[in-house]
Amino acid sequence: MTAGALLVGAPRSGAGKTTLTVGLIAALTRRGRRVRALKCGPDYIDAAFHSTASGAACANIDSWAMSPGHMAEVMEAAAGPGGLVVVESAMGLFDGVAGRTGHSGAAADIAARFGIPVVLVIDIAGQAQSAGAVAKGFAEFDPGLEIGGVILNGVASERHLRTASEGLAVAGISLLGWVPRSSGFAFQNRHLGLVQARERKNLAAEIAALADRIAETVDLDRIEGMARPPLDIRNAVNEAAPAATRSLDPPGQRIALAEDDAFSFIYPHMTAHWREQGAEIVRFSPLGDQPPPDECDCCWLPGGYPELHAGRIAAARRFLSGLADFGRTRPVHGECGGYMALGLSLEDGDGAVHAMAGLLPHRTSFKVRKLHLGYRRAVATQDCVLGKAGTAVRGHEFHYATIEGDAGDDAFLTVFDGEGRPLGAGGGRKGTVTGTFFHAIAREA
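Residues numbered from 1 in each chain as written. Predicted model: local features only at pLDDT ≥ 70, side-chain atom pairs only at ≥ 80, totals over all residues. Heavy atoms only, no water.

J.: Please give an account of the overall build of the chain that cites residues and values.
T.: The helix and strand inventory of the chain stands at 12 helices and 27 strands. Taking 445 residues into account, the globule formula puts the C-alpha radius of gyration at 22 Å, and the chain, at 22 Å, falls close to it. Expressed along its principal axes, the backbone C-alpha trace of the chain runs to roughly 65 × 45 × 40 Å. When each of the 445 residues of the chain is scored for burial, the buried share is 59%. Contacts in the chain between residues far apart in sequence, at least 24 positions, make up 75% of those at least 6 positions apart. Carbon and sulfur atoms provide 49% of the accessible area of the chain, an area that totals close to 17,200 Å². Counting 43 positive and 48 negative side-chain charges, the chain places the centres of these two groups 1 Å from one another. (Helix = DSSP H or I, 4+ residues; strand = E, 2+ residues; numbered from the N terminus. Rg over C-alpha atoms; globule rule 2.2 N^0.38 Å. Buried < 20%, exposed > 50% of the residue type's maximum accessible area, 1.4 Å probe, protein only. Contact = heavy atoms within 4.5 Å. Areas by Shrake-Rupley, 256 points an atom, 1.4 Å probe, with all protein chains shown as cover. Lys, Arg positive; Asp, Glu negative; His and termini not counted. Charge placed at Lys NZ, Arg CZ, Asp CG, Glu CD.)

J.: Kindly report on the packing of aromatic side chains, identifying the contributing residues and their values.
T.: Per the stated rule, a full pass over the model turns up 8 aromatic pairs. Look at F265 and Y305: their rings are 5.7 Å apart centre to centre, the planes differ by 75°, and that puts the pair in the edge-to-face class. Residue F265 is found in strand β12 (residues 263–265), and its partner Y305 is found in the loop between β15 (303–304) and α10 (310–315); the two are separated by 40 residues along the sequence. With a centroid separation of 6.4 Å and an interplanar angle of 35°, the aromatic rings of F284 and F319 are classed as tilted. In this pair, F284 sits in strand β13 (residues 280–284) while F319 sits in helix α11 (residues 317–327), placing the two residues 35 residues apart along the sequence. Taking relative accessible area as the criterion, F319 reaches 1% and is therefore assigned buried. Linked through ring pairs, F94, F138 and F141 together constitute an aromatic cluster. R330 extends its terminal NZ or CZ atom over the ring of F326, reaching a point 4.0 Å from the ring centre. One Lys or Arg, R394, reaches over the ring of W64 and ends 4.5 Å from the middle of that ring. (Phe/Tyr/Trp six-rings, centres within 6.5 Å; stacked < 30°, edge-to-face > 60°. Lys NZ or Arg CZ within 6 Å of the ring centre and 35° of its normal.)

J.: Tell me about the pattern of salt bridges, and please be specific about residues and values.
T.: Taken as a whole and assessed by the stated rule, the structure comprises 22 salt bridges. For E216, the salt bridge is made with R213, and the minimal N-O distance between the two is 3.4 Å. Here E216 pairs with R213, and both are found in helix α7 (residues 203–217), just 3 residues apart, close to one helical turn. Of the charged contacts in the structure, one is a salt bridge between R421 and D417, with a shortest N-O distance of 2.7 Å. On the basis of relative accessible area, R421 is assigned to the partly exposed category, the value being 48%. Under the relative-accessibility criterion, D417 is labelled buried at 11%. A single network of salt bridges, built from pairs that share partners, joins R31, R33, D221 and E224. (Salt bridge = Lys/Arg side-chain N within 4 Å of Asp/Glu carboxyl O.)

J.: Which residues make up the environment of G390, and what values do they have?
T.: Structurally, G390 is set in the loop between β20 (372–380) and β21 (392–399). Taking the C-alpha atoms as reference points, G390 and L145, 245 residues apart in sequence, are found 37 Å from one another. Contact partners of G390, with chain neighbours within four places excluded, come to V379 and A380.

Written out as structure tokens, the structure is:
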């Protein structure tokens with residue numbers, strides 16, 4: 001690998017690392033660099049912003065769900081001669097599954113395994129010199145990790161910057177730049193994260209303005225200079241590592257893939273693998289009242305925000321009737337939001353109940369909210385689109401919807417959490433139609 005790489009991390013979620021990473025990617029791209037982005041952990045939304053800023057798909061890389069060899073493949077695909085790979089952390093830099101050191105899903109696992117430096121973003125709202133203590137703690141927490149420097153976010157004034165910089169100097173940590181406190185440089189949030197990139201009408205202009213700001217106050221030369229070619233860990237051997245993994249095999253030769261504002265959560269590494277295996281992906285829009293194309297032999301409904309568009313989905317008669325016709329003879333699979341749309345009904349946040357496809361017997365509610373969050377390992381108890389019976393799939397669950405009463409679905413999976421604790425039977429199946437609340441990331445080879 002000849003591309004240099006670095007990782008942007010932070011002490012916690014909400015520190016502004018996504019906004020800063022997007023601006024950094026755009027500013028470096030504007031300089032003529034071939035920049036590619038990766039997102040640590042199971043995150044679709046941030047990755048879409050990175051893709052817009054770089055002009056290329058942003059894949060996910062995950063130390064819990066992927067084996068070292070699988071991660072190396074993802075890193076290699078992003079790297080290229082003379083290029084730069086910018087990896088963004090999820091949550092806090094060291095946050096992951098307890099008791100899985102090196103394979104916890106934490107961004108620190110990625111930085112340490114590939115030997116790439118970390119740019120630490122510290123939000124200094126409500127503090128000044130204490131930023132130095134925070135940075136020093138992160139620099140010393142894991143001796144195998146290199147903190148290359150700090151970018152201060154949320155700087156309120158020249159005095160604020162000066163005093164926070166003083167704290168970094170005392171700690172012996174380099175200041176790489178700063179970003180002012182301004183709501184104009186923050187992306188809007190909703191219940192699963194940022195409002196999707198595809199929903200923002202002026203995103204290109206927003207990113208351009210953000211790149212201007214980053215170029216003014218961040219030392220791009222130093223950041224480029226600290227990037228380091230990632231180590232090739234393809235043959236890494238570690239008994240504590242998860243089993244060898246790979247992307248899911250294509251569920252069909254020609255896959256009807258739903259894509260619009262309600263259904264958009266599909267991992268780029270997954271679709272890329274499907275194409276590499278010779279499958280064709282044909283996209284269609286349920287919100288545009290388009291049925292799955294009849295020439296396809298499998299239909300995949302990704303997650304997304306069906307709860308925000310339930311009325312439009314219920315009114316999309318061509319889509320619903322076409323989906324029902326498709327599912328009589330060919331596999332249909334839904335993940336999270338797609339699983340919700342396959343049920344009998346969906347109750348939105350205002351309590352209105354909307355009829356869904358009715359291909360599975362469950363009813364879901366977004367009004368009765370409960371957070372479901374965490375890694376999942378699921379073992380198929382019967383042949384399905386995820387693999388043959390006995391196939392283990394690694395993935396992630398993140399939603400607030402609940403199933404009302406007894407779902408009535410026939411489970412086709414045995415599910416475990418990220419620490420290996422059994423969660424019981426999972427998923428739903430009726431004939432050729434299946435669905436899960438978790439998003440698949442990789443299958444154990």
